[in-house]
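Examination of the molecular architecture
Residues per chain are reported as follows:
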Amino acid sequence: MEEFKKFCYSEETEEQNAGEGVTRKVLSYSNNIMVCELHFEKGSIGSMHTHVHEQITYVVSGKFEVTVDGEVGILKAGDTVYEKSNALHGMKCLEDGVIIDVFSPKRDDFLK
């Protein structure tokens with residue numbers, strides 16, 4: 001059965017705690033794709049982890065040190081990074097910022 005959220009209005013979307021200094025909003029999604037907005041305070045960490053989902057991260061604002069499978073990059077507004085399925089990845093926020101994460105397929109664990 002297809003599950004989806006077609007229209008998503010940011011001001012009506014509940015923020016989830018995604019770690020110390022990190023909040024997440026689950027935006028539009030279907031079974032095959034999901035978009036999330038995350039807000040990071042300077043110094044906050046997206047801990048190293050893996051998942052079966054493919055992921056692309058777009059930096060809206062701020063500055064982030066991102067590690068994917070042992071490779072480190074510094075990303076700022078307008079930059080992106082691709083994390084393949086089961087890639088070990090995480091990030092440290094160097095300046096307060098916002099990122100957009102796109103997952104395929106959707107993250108059911110974010111909907112609970």
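As a reminder, the structure under discussion sits directly above these lines.
Remember, it's a predicted structure, so these values are computed and weren't measured experimentally.

So, on to the environment of Gly73. In this fold, Gly73 is placed in strand 6 (residues 71-76). When the C-alpha positions of Gly73 and Met91 are compared, they lie 9.5 Å apart, and in sequence the two are 18 residues distant. Dropping the residues within four chain positions of it, Gly73 is found in contact with Phe64, Glu65 and Val66.

Another aspect to go through is the packing of aromatic side chains. In total, this model carries three aromatic pairs according to the counting rule given. Taken together, a centroid distance of 5.3 Å and an interplanar angle of 80° make the contact between Phe40 and Phe64 edge-to-face. With Phe40 in strand 3 (residues 34-40) and Phe64 in strand 5 (residues 54-68), this pair connects stretches of sequence that are 24 residues apart. Seen from their ring centres, Phe103 and Phe110 are 5.6 Å apart, and the 85° between their planes marks the pair as edge-to-face. Both residues of the pair, Phe103 and Phe110, count as buried. Here the basic side chain of Arg24 rests over the ring of Phe110, its NZ or CZ set 3.7 Å away from the ring centre. Sitting above the plane of the Phe103 ring, Arg107 keeps its charged end 5.2 Å from the centroid.

So, how was this worked out
Residues numbered from 1 in each chain as written. Predicted model: local features only at pLDDT ≥ 70, side-chain atom pairs only at ≥ 80, totals over all residues. Heavy atoms only, no water. Helix = DSSP H or I, 4+ residues; strand = E, 2+ residues; numbered from the N terminus. Contact = heavy atoms within 4.5 Å. Phe/Tyr/Trp six-rings, centres within 6.5 Å; stacked < 30°, edge-to-face > 60°. Buried < 20%, exposed > 50% of the residue type's maximum accessible area, 1.4 Å probe, protein only. Lys NZ or Arg CZ within 6 Å of the ring centre and 35° of its normal.

Bear in mind that shape data such as this cannot, by itself, settle questions of function.
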